[in-house]
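Analysis of the macromolecular model
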Amino acid sequence: MRVHPKVSVIIPFYNVEESLFMGCIKSVLNQTFRDFELIIINDGSAEKYNALLDRVARMDARIFICNQKNAGVSVARNYGVKVSKGMYIAFVDADDVVHHQYLEQALDVLEKNDVEYVVGANLEVFSNKADYAKENALKPMDEAVPKIYEGSALIDLIPCFVAVSCIIRFLNGGYIN
C-alpha cells in the first residue's frame, strides 16, 4: 500500500523521446522537497516505450506507472488526479525540466499565502527546446521563469501546482473547469 505523500507529481506520457523524458524524470527526482510520489500516466504510447517506462519505474520507489489507452493529455491528467495520494498535485509535462526547488518553493507560496493553486505565468519564447533547456537548466527558481518554444500549446506551457481541495478537471480540449 502506498503512503500518503504531501505532493503527487503527475506526468502524462505519450511517445516522448528518451533524452527529453529522462531529463524530466531526473529533474523531478532531484527536488529538495522529498515527500512526493511521481505518477506517470502512459497514454497509450507505442510498444517501443515500454522498456523505457519499466526502467524509470525501477529508479525510485516513489515512481508509479499507470497505463491507459490513448485518450489525450487531459484524460491522462484526470486519471493521475484520480489515483493520486498527495494533499497537493503538481502537473509536469514529460518533456519539461523543473528547477530542483520547484516543489519546495511552490509549497512555500501555497502555505504562506493561504492560496489553493500556484501557476507559472511569465513566458519567454525560444525557437526550440534545446535552447530552452540550455538557458533554463542552472538558473535559480526566481530567475528561471517558465519558458516556451514556438508552436507549443498553452496547456503545455504552465507548470501548475494545485491543492487537492481545489477540485479541478481537465476537459478534452485542455481547459480547466
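Shown above is the structure to which this text applies.
Notes on the structure follow. (Residues numbered from 1 in each chain as written. Predicted model: local features only at pLDDT ≥ 70, side-chain atom pairs only at ≥ 80, totals over all residues. Heavy atoms only, no water.)

The helix and strand inventory of the protein stands at five helices and eight strands. For the protein, the N- to C-terminal ordering of α and β elements is β-α-β-α-β-α-β-α-β-β-α-β-β. The 177 residues of the protein split such that 43% are buried. A fraction of 75% describes how many contacts in the protein between residues 6 or more apart in sequence connect residues 24 or more apart. Accessible surface, the protein as shown: approximately 9,600 Å² in total, 53% of it carbon and sulfur. (Helix = DSSP H or I, 4+ residues; strand = E, 2+ residues; numbered from the N terminus. Buried < 20%, exposed > 50% of the residue type's maximum accessible area, 1.4 Å probe, protein only. Contact = heavy atoms within 4.5 Å. Areas by Shrake-Rupley, 256 points an atom, 1.4 Å probe, with all protein chains shown as cover.)

Applying the stated rule across the entire model yields two aromatic pairs. Cluster of aromatic residues (ring-pair linked, three or more members): Phe13, Phe21 and Tyr49. We note arginine 62 situated over the ring of phenylalanine 36; from NZ or CZ to the ring centre the distance is 4.2 Å. (Phe/Tyr/Trp six-rings, centres within 6.5 Å; stacked < 30°, edge-to-face > 60°. Lys NZ or Arg CZ within 6 Å of the ring centre and 35° of its normal.)

Right, let's talk about unusual backbone geometry for a bit. A negative phi angle characterises most non-glycine residues, just as the trans form characterises most peptide bonds. For asparagine 15, which is not glycine, the phi torsion reads 50° and is therefore positive. As for its position among the elements, asparagine 15 is in the loop between β1 (7–13) and α1 (18–29). Residue classification places asparagine 15 among the partly exposed residues on the basis of a relative accessible area of 27%.

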